[in-house]
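Chains, contacts and geometry: an overview
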Amino acid sequence: MPSKYVIHTETVLRRFQPLIQSGIIAWEEGCLKCPVCVKKKCVYSVYDHRGLNARQMVESIDNECMNCLRCVQGCPNELIHKSINPEFAAMGDEHWTPNIIASLWAQSDSGKIPVSGAGYPGPFSGPGFDAIWTDMSEIVRPTRDGIHGREYISTAVDLGRTPAHLVFDAESGLLEDDSLLMNIPLPIILKVPAFGAISEKTLVGWAEAAKRLGTLFTVPEDMLKAIPADYGRWLFPSFSTASALEGLPDGCRMVELAFEDGLSEAIKRIKDFDPSILVSKKIPMVEGMADRAESLVASGVSIIHLEADFQGRRHDDPGTFLKDGIRSIHLKLVDAGTRDNVTLLASGGISMAEHVAKSIICGSDGVLVDFPMLIALECRMCRRCEKGLSCPVDIQDASAEWTAGRVINLVGAWHNQLLEVMGAMGIRDARRLRGEVGRAMFFDQLDRETFENMGAVVEECELE
Ligand code: SF4
Ligand code: SF4
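Now for a look at the structure at hand.

Basis of the calculations
Residues numbered from 1 in each chain as written. Chains lettered and ligands numbered in written order. Predicted model: local features only at pLDDT ≥ 70, side-chain atom pairs only at ≥ 80, totals over all residues. Heavy atoms only, no water. Axes fitted to C-alpha atoms, helices over the stretch in contact; angles between N-to-C directions. Helix = DSSP H or I, 4+ residues; strand = E, 2+ residues; numbered from the N terminus. Parallel < 35°, antiparallel > 145°, perpendicular 65-115°, else oblique. Left-handed = near helix turned anticlockwise from the far one by under 90°. Contact = heavy atoms within 4.5 Å. Nonpolar A, V, L, I, M, F, W, Y, C, P; charged D, E, K, R; others polar. Near = heavy atom within 4 Å. 1 Å grid on protein atoms, 1.4 Å probe; cavity = no way out; pocket = protein on both sides within 12 Å on 5 of 7 lines; lining within 4 Å. Sits in = over half its atoms within 2 Å of the grid points. Buried < 20%, exposed > 50% of the residue type's maximum accessible area, 1.4 Å probe, protein only. Arc of directions from axis to C-beta. Pairing = 2+ DSSP bridges.

So, about the packing of helix H6 (residues 200-213) against helix H12 (residues 400-425). Contact geometry for H6 and H12: axes closest at 7 Å, N-to-C directions at 45°. Between H6 and H12, the angle is such that the two are oblique. Relative to H12, H6 is oriented so that their crossing is right-handed. Contacts from Lys201, Thr202, Val204, Gly205, Trp206, Glu208, Ala209, Arg212 and Leu213 of H6 reach H12 at Ala400, Glu401, Thr403, Ala404, Val407, Ile408 and Val411. Here the contact of H6 with H12 is composed, by residue class, of 9 nonpolar, 3 polar and 4 charged.

If you want it as structure tokens, here you go:
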């Protein structure tokens with residue numbers, strides 16, 4: 001039996017005080033000067049410890065408060081209140097919500113699965129991946145001793161084309177197949193985000209994380225020079241022009257081509273240089289993507305990377321989400337009988353561990369993760385760096401080792417959540433999860449089936 005793939009995590013402390021969801025407001029005016037103030041009764045002694053972080057000009061009280069509300073309820077003159085921190089509420093956008101950002105920070109601290117307390121106060125359904133519910137019916141029959149117990153749940157996936165069938169010669173000898181496959185231990189590839197206060201140290205840290213995780217790191221051609229040559233094996237460079245292929249790093253095993261002009265010549269050039277290099281073609285998530293994917297597979301392309309915008313939406317139609325794009329390509333290839341000839345990777349807006357499992361259920365083989373790698377480094381998604389302004393958390397100054405540690409923690413937490421979800425679905429191999437819609441429920445479909453005909457009058461049926 002192969003040894004188990006386990007991501008070893010350890011606490012990597014933040015460099016800055018995080019933005020906290022709520023803050024304490026305590027009025028002095030009207031204070032009754034009680035002999036024993038409720039502030040003295042705080043079980044966490046928050047009021048005794050409070051102090052000012054002079055570097056960031058942040059009061060420590062909000063970071064230490066555990067939100068038990070004892071002081072709020074106990075003050076006889078109701079002078080103590082808790083209020084939403086407007087700076088926290090203003091973080092990110094409708095996709096990269098403050099709660100998602102804060103959860104990614106916490107997972108990067110410790111590598112632990114986030115636990116948010118009893119009950120779920122959120123909406124029943126929502127847009128994009130929130131409209132998919134995974135079937136957790138096997139949770140009543142979990143693996144014998146947990147996700148890290150004796151039963152093996154494999155998250156490994158293959159990149160490339162799997163042979164459709166074996167071919168034998170007249171003497172029953174197996175004939176060579178030209179299929180090329182690479183195996184990575186989890187369906188997650190790291191990717192440089194479209195913006196960020198990124199320095200050479202950041203890039204080296206991400207490359208180091210990919211190396212220790214055993215996965216790949218997608219880097220645009222203009223950033224390749226910043227990464228030492230010995231990381232070549234873990235790089236998955238993305239080229240926007242055929243001429244840029246000159247910069248192919250030594251040892252690299254997979255290349256992405258993001259251009260259309262001269263595509264087949266570029267593939268031939270790479271194969272002539274080293275036939276063992278896998279070639280992936282990036283296609284934007286726009287109208288006609290399924291037809292484009294089908295024609296690429298027919299021409300022999302063995303890996304397709306579908307890229308949505310950074311909120312996981314179609315570039316030319318924000319009402320269509322990554323799950324819909326993956327599904328349309330997957331089903332098109334299934335209908336054409338060519339699905340096993342290609343690996344389908346997806347990126348754009350993957351912001352939670354559950355999105356990895358849901359992307360695979362929709363039909364992808366794996367995902368590329370970009371902004372969570374930046375948020376792991378305390379990014380607040382303020383987008384100041386896009387305008388050339390300074391980063392409030394100086395990401396560019398963080399060491400490569402600290403960067404790698406926080407990204408490994410985040411991916412470790414996601415890997416454990418993937419194991420939990422797969423275990424609860426009764427799926428023991430990530431490759432078996434691909435397109436397994438029988439293990440999920442789609443809100444749109446249920447909504448349609450339940451309510452579409454409600455109130456419809458059946459013809460020739462008279463109501464009394
Ligand atoms: S809400 Fe609870 S933890 Fe926070 S300061 Fe008041 S008593 Fe302490
Ligand atoms: S915190 Fe703001 S400025 Fe810094 S990397 Fe993130 S988005 Fe850019």
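Attention now moves to the environment of Gly173. Turning to its location among the elements, Gly173 is positioned in the loop between strand S6 (157-160) and strand S7 (181-184). In contact with Gly173, other than residues within four places in its own chain, are Val167 and Phe168.

Quick look at the site of ligand 1 now. Taken together, Ile24, Cys42, Tyr44, Tyr47, Cys65, Met66, Cys68, Leu69, Arg70 and Cys71 make up the full set of residues adjacent to ligand 1. A molecule is said to occupy a pocket when more than half its atoms come within 2 Å of that pocket's grid points, and by this definition ligand 1 occupies the largest cavity. For the shell around ligand 1, the class distribution of residues is 9 nonpolar, no polar and 1 charged.

Taken N-terminus to C-terminus, the directions of helix H10 (residues 353-362) and H12 make an angle of 50°; their axes are 8 Å apart at the nearest point. When the axis of H10 is compared with that of H12, the two are oblique. In the packing of H10 onto H12, the handedness of the crossing is right-handed. Here H10 contributes Ala353, Val356, Ala357 and Ile361 to the contact with H12, which in turn contributes Trp414, Gln417, Leu418, Val421 and Met425. Taken together, the residues that form the contact of H10 with H12 break down as 8 nonpolar, 1 polar and no charged.

A few words now on helix H7 (residues 263-273). The set of residues buried in H7 consists of Leu263, Ala266 and Ile270. Viewed along the axis of H7, the buried residues span an arc of 65°, placing them on a single side of the element. Exposed residues on H7 whose side chains face more than 90 degrees from its buried face are Ser264, Glu265, Lys268 and Asp272. Summarising the contacts, the buried residues of H7 are in contact with strand S11 (254-257), strand S12 (278-284) and helix H8 (289-298).

The subject of this paragraph is the sheet that holds strand S17 (residues 366-369). The 8 strands are arranged S8-S9-S10-S11-S12-S13-S16-S17 in a closed barrel whose pairing can be described as parallel. Averaged over neighbouring strand pairs, the angle between their axes works out to 25° when direction is ignored. With respect to the sheet, H8 is in contact with S12 and strand S13 (303-307), its orientation differing from that of S12 by roughly 160°.

Let us now look at the site of ligand 2. Close contacts around ligand 2 come from Gly196, Ala197, Cys379, Arg380, Met381, Cys382, Arg383, Arg384, Cys385, Cys391, Pro392 and Ile395, and that covers them all. Counting atoms within 2 Å of the grid points, the majority share of ligand 2 lands in the second largest cavity.

Time to look at unusual backbone geometry. Its identity is not glycine, yet Leu69 carries a phi of approximately 65°, on the positive side. The topology assignment puts Leu69 in the loop between helix H2 (61-64) and helix H3 (70-74). One non-glycine residue, Glu378, lies in positive phi territory at about 80°. Tracing the sequence through the fold places Glu378 in the loop between helix H11 (371-375) and H12.

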